[in-house]
Every structure is written in C-alpha cells, then in structure tokens.
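# Notes for the structure review
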Amino acid sequence: MGAVKTKRMPRAVREQQMLDAAVQIFGQRGYMAASMDEIAELAGVSKPLVYLYLNSKEDLFTACIRREATALTEAVRTGVRRDLPADRQLWDGLQAFFAHTAEHPDGWSVLHLQARTHGGGFAAEVTAMREEIVAFVTQLIAVAAHEAHRDPVPEHEVAGLAEALVGAAESLAAWANATPGVTARQAAATLMNFAWAGLGNLMEGRPWTPPADR
C-alpha cells in the first residue's frame, strides 16, 4: 500500500483539516481507542505529516480541546446582545450554547466527556473554558439583578446561580444530543422554564425562603 498522496495547501488549512478529523475520531471513539492512523486517513494525509504538524497524540488532543473550547465560548458570547432585557439575554445565550453543541456533537463529546475522563492537563483545559463561561454568566446575572432596581444579590449567591445554570446546561446538552428529535430551541426552552421562574422572581425581590428549622 503506497503512501497517502496529498495536494499542496497552506499549512493553516491543512492543520484545520487534521483537527477536523481528530475531533471526529476522538469524539466518537475516545482518546485511548483513537489511533493516529485513523486520523491521518480521515484527514487524507500521511501519519508522519500529522506528527510533523502536531507533534504527538497528546498534543493533537490538546489542540482539539483548545479549538473546540474557543469555538464554544465565542458562540455563547456572540449570541448575547447586552442591550436586551435579562431574560432575553439568557434565552439567546442558551440558544447559542445548545445550537453549537448540537451542530458540533463530536466537539462537545471531546470537551464534556473525553477530556474530563482522562484528567490531568486535558481536564485543566476544559476547566479553564468552563470558568470563562461561568464568569460570563455570573456577570450577566449580576447586571440583571442591578438593573432590576433592587438590593444587589449577594456575590456568593450570584456565583452559585451561575455554577448551577452552567452545570444544568452541560447535562442537558449531553441529554439532548443523545435524544433523537430534541432541538436546540427545545433544550434552551426547557432550561429557561426551569431556571428563569426562579431567577425572574429573584430579580424582582421575591426569593424563595427556606422553612425555619424545627
């Protein structure tokens, strides 16, 4: 069997082609089961060229995580218009999140499942992405509370709400991608109905109060 023949193209384009193939293989087969031979074949290049561009399987997987994390955070940020009411900002952000994870299921698998499963530096890359999204949601909730013209929501409570919302979105995205017929809009509406009833009341100064201890 002869070597894979490749036509000349800019390095950046070729590298993205390799990353596309790697995300698909890693997302569907997992990091351990994926082979550089499979990735090279899917990308239409030789295995030595993959190593030349991306050094090792570990470096290739890290590059996939970084690319998919950047794409997801950008999708969420650009999906939100800050001049809209708080509920519309949250709705648009959730729609952007679920649309992106639905359109890139292999990328979401790399971020949500594969990178976390293998821990170490891989998990650290995903944690950094998650912290960025949580910080963005935290700011959104804090601004919404301020614009509601009421006493500010305590900082620790805002942080907890953001963590809860992002965690719920992650779990729901995994469920939606595994459940036939669930659209990004439906997933966003499900989480909006779950979250905004509470957040909306909180913004209006009507928080739920735990019962007194007996």
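The shown structure was predicted, so the numbers you read here are calculated from the model rather than taken from an experiment.

Criteria and cut-off values
Residues numbered from 1 in each chain as written. Predicted model: local features only at pLDDT ≥ 70, side-chain atom pairs only at ≥ 80, totals over all residues. Heavy atoms only, no water. Buried < 20%, exposed > 50% of the residue type's maximum accessible area, 1.4 Å probe, protein only. Helix = DSSP H or I, 4+ residues; strand = E, 2+ residues; numbered from the N terminus. Arc of directions from axis to C-beta. Contact = heavy atoms within 4.5 Å. Axes fitted to C-alpha atoms, helices over the stretch in contact; angles between N-to-C directions. Parallel < 35°, antiparallel > 145°, perpendicular 65-115°, else oblique. Nonpolar A, V, L, I, M, F, W, Y, C, P; charged D, E, K, R; others polar. Salt bridge = Lys/Arg side-chain N within 4 Å of Asp/Glu carboxyl O.

It is worth spelling out helix H2 (residues 36–43) at this point. Met36, Ile39, Ala40 and Ala43 are the residues of H2 that are buried. Looking down the long axis of H2, one finds its buried residues gathered within 95° of arc, a one-sided arrangement. Residues of H2 that are buried in the fold lie against helix H1 (11–29), helix H3 (47–54) and helix H4 (57–79).

On to unusual backbone geometry, then. Positive phi, normally seen in glycine, also occurs at asparagine 55, with a value near 70°. When you line up the elements, asparagine 55 lands in the loop between H3 and H4. Asparagine 55 sits in the exposed class, given a relative accessible area of 53%.

Our focus in this paragraph is the packing of H2 against H3. Interaxial distance between H2 and H3 falls to 8 Å at its minimum, and their mutual angle equals 100°. Taken together, the axes of H2 and H3 are roughly perpendicular relative to one another. Here Met36, Asp37 and Ala40 of H2 come into contact with H3, specifically with Lys47, Val50 and Tyr51. Considering only residue class, the contact of H2 with H3 consists of 4 nonpolar, no polar and 2 charged.

All right, on to the pattern of salt bridges then. Considering all chains together, one arrives at 12 salt bridges under this definition. Between glutamate 170 and arginine 130 there is a salt bridge, with the nearest N and O atoms lying 3.0 Å from each other. Taken together, the residues span a long stretch of sequence, with glutamate 170 in helix H8 (residues 155–178) and arginine 130 in helix H7 (residues 120–147) at a distance of 40 residues. Residue glutamate 170 is classed as buried on the basis of its relative accessible area of 7%. Several salt bridges converge on common partners, so that one network encompasses Arg116, Arg130, Glu163 and Glu170.

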